[in-house]
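# Structural characterization, general
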Amino acid sequence: MTKAQLAAEIRKVVEMQLDDCERAIKAGTKSIALFELEDAAKRLKRIAALLESSRQAA
């Protein structure tokens with residue numbers, strides 16, 4: 001994964017899940033906000049795992 005690909009993936013997580021989370025908080029829908037936050041955390045963990053595996057291979 002290149003730096004540009006990594007940046008794009010992180011940006012996508014922030015723009016999609018965390019923006020949705022923020023909207024849900026403002027709307028007062030706690031369960032949706034928690035779901036979006038959990039989804040963002042899962043995606044970021046997958047990105048971290050990819051980075052770790054690519055470092056170990058190098």
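Residues numbered from 1 in each chain as written. Predicted model: local features only at pLDDT ≥ 70, side-chain atom pairs only at ≥ 80, totals over all residues. Heavy atoms only, no water.

## Observations concerning the overall build of the chain
Along the backbone of the chain there are 2 helices and 0 strands. Here the C-alpha radius of gyration of the chain, 14 Å, is well above what a compact globule of 58 residues would show, namely 10 Å. Taking the principal axes of the C-alpha coordinates as reference, the chain spans close to 45 × 20 × 5 Å. Residue burial in the chain is summarised as follows: out of 58 residues, 17% are buried. A total accessible area of about 4,600 Å² is found for the chain, and carbon and sulfur atoms account for 59% of it. (Helix = DSSP H or I, 4+ residues; strand = E, 2+ residues; numbered from the N terminus. Rg over C-alpha atoms; globule rule 2.2 N^0.38 Å. Buried < 20%, exposed > 50% of the residue type's maximum accessible area, 1.4 Å probe, protein only. Areas by Shrake-Rupley, 256 points an atom, 1.4 Å probe, with all protein chains shown as cover.)

## Describing a nonpolar patch on the surface
Residues I10, V14, L18, L37 and L44 make up a contiguous nonpolar surface patch of roughly 360 Å² in combined accessible area. When residues of the nonpolar patch are traced back to their parent elements, those giving at least two are helix 1 (3–27) and helix 2 (30–57). What makes V14 partly exposed here is its relative accessible area of 39%. (Patch = residues over 30% accessible without salt bridge, like charges linked within 9 Å, V, L, I, M, F, W, Y side chains within 5 Å. Salt bridge = Lys/Arg side-chain N within 4 Å of Asp/Glu carboxyl O.)

## Some details on the side chain of E36
Relative to the assigned elements, E36 resides in helix 2. The side chain of E36 sits in the buried core without any salt bridge; R43 is the nearest counter-charge, 7.3 Å away. Those residues in contact with E36 that sit more than four places away from it in its chain are Q17, D20 and C21. (Lys, Arg positive; Asp, Glu negative; His and termini not counted. Contact = heavy atoms within 4.5 Å.)

## Describing the side chain of Q17
Relative to the assigned elements, Q17 resides in helix 1. The contact partners of Q17, leaving out residues within four places of it in the chain, are K12, E36, D39, A40 and R43.

## Observations regarding the packing of helix 1 against helix 2
Viewed as axis vectors pointing N to C, helix 1 and helix 2 meet at an angle of 165°, and their least axial separation amounts to 7 Å. Comparing the axis directions of helix 1 and helix 2 gives the class roughly antiparallel. Judged by the twist between their axes, the crossing of helix 1 over helix 2 is left-handed. In this structure, helix 1 contributes L6, E9, I10, V13, Q17, L18, D20, C21, A24 and I25 to the contact, and helix 2 contributes I32, A33, E36, L37, D39, A40, R43, L44, I47 and L51. Classifying every residue of the contact of helix 1 with helix 2 by side-chain character gives 14 nonpolar, 1 polar and 5 charged. (Axes fitted to C-alpha atoms, helices over the stretch in contact; angles between N-to-C directions. Parallel < 35°, antiparallel > 145°, perpendicular 65-115°, else oblique. Left-handed = near helix turned anticlockwise from the far one by under 90°. Nonpolar A, V, L, I, M, F, W, Y, C, P; charged D, E, K, R; others polar.)

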